[in-house]
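A structural walkthrough
Listed below, chain by chain, are the residues.
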Amino acid sequence: MAVQRILSYYDEEDRKILKSKSEPVDDILCEETQQIIQDLKDTLLNENEKTKGGIVGLSAVQIGVLKQICVIKYDIYFLTIINPVVTKTRGELIYRESCASSPDTFITTHRFQKVWADYYDENNKLKHADQGGLFSVILQHEMDHFEGKCLVGEEAIRRLEEKKENNKNGIDQEN
Ligand SMILES: [Zn+2]
């Protein structure tokens, strides 16, 4: 078991990594990739214990590895998703999201209600996802991480900057 530290949007060095793009994985079955997958699972489960089930997805970039790998644990799913490509989308869903890299921030997002995606699992098998609802929201959130984006993290930083600015101007904060 190798629990890794989850990178934080509030740390400048971490943020540089979180804003970087992740590369597709060439060799899924090699020892290095398998270790990353195991670390992601261990880290997600450990974080879930601490937050009582608050973490539903974790991307490799969040433990400092710029590879297109994420794990999703939600409902009956505990999936490893590698090199996902969205092939079709439908509808819209408004959701309230948070992120393990800025866990105190919740924002309202507009996501596709359903996404169809091709991806590889940890056994190098090609799979097709076609779930809607929360699963599709998590997948879209994790795929943003692969692009160096995170709506929650960016909002967390915006709020922090705003707070700093207000403090500088002597405006009282409510909390
Ligand atoms: Zn996230």
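For the structure itself, consult the block above.
Here goes a summary of the coordinates provided. Nothing here was measured: the structure is a model prediction, and the numbers come from that model.

1. As for helix α3 (residues 133-146)
If you check α3, its first and last C-alpha atoms are 21 Å apart, about what 14 residues at 1.5 Å a residue would give, namely 20 Å. The element α3 is largely enclosed, with a buried count of eleven among its 14 residues. For α3, the set of buried residues is Phe135, Ser136, Val137, Ile138, Leu139, Gln140, His141, Glu142, Met143, His145 and Phe146. Looking one or two residues beyond α3, the residue adopting positive phi is Gly148, at roughly 75°.

2. Topic: the pairing of strand β2 (residues 69-74)
Summarising the sheet, strand β1 (residues 57-59) and β2 pair through three bridges and their orientation is antiparallel. Among the inter-strand pairings, Gly57 is bridged to a residue of β2, identified as Ile72. Pairing of β2 with strand β3 (residues 77-90) involves six bridges; the strand directions are antiparallel. Of the residues in β3, the one forming a bridge with Ile69 is Ile82. The turn joining β2 and β3, which pair antiparallel and follow one another in sequence, is formed by two residues; a positive phi near 55° is taken by Asp75.

3. Regarding the nonpolar core
Membership of the largest hydrophobic core comes to 34 residues, with the highest contact counts inside it found for Leu40, Leu58, Ala60, Ile69, Cys70, Ile72 and Leu139. At the level of secondary structure, the elements contributing two or more residues to this core comprise α2 (31-51), β2, β3, β6 (114-120), α3 and α4 (151-168). Sorting elements by how many residues they give to this core places α3 first, with six residues. What Leu58 contacts, discounting residues up to four positions off in sequence, is Leu40, Thr43, Leu44, Cys70, Val71 and Ala100.

4. Considering unusual backbone geometry
A negative phi angle characterises most non-glycine residues, just as the trans form characterises most peptide bonds. The phi angle at Asp75 is positive, at roughly 55°, despite the residue not being glycine. Along the polypeptide, Asp75 turns up in the loop between β2 and β3. Residue classification places Asp75 among the exposed residues on the basis of 11 C-beta atoms within 10 Å. Of note, Asn124 is a non-glycine position whose phi angle comes to about 65°, a positive value. As for its position among the elements, Asn124 is in the loop between β6 and β7 (126-129). Look at Asn124 and you get exposed, because 12 C-beta atoms sit within 10 Å.

Reading the values: the criteria
- Residues numbered from 1 in each chain as written.
- Predicted model: local features only at pLDDT ≥ 70, side-chain atom pairs only at ≥ 80, totals over all residues.
- Helix = DSSP H or I, 4+ residues; strand = E, 2+ residues; numbered from the N terminus.
- Expected span 1.5 Å × (residues − 1).
- Buried ≥ 20, exposed ≤ 12 C-beta atoms within 10 Å, placed from the backbone.
- Pairing = 2+ DSSP bridges.
- Core = buried A, V, L, I, M, F, W, Y, C linked by C-beta atoms within 7 Å.
- Contact = placed C-beta atoms within 7 Å.

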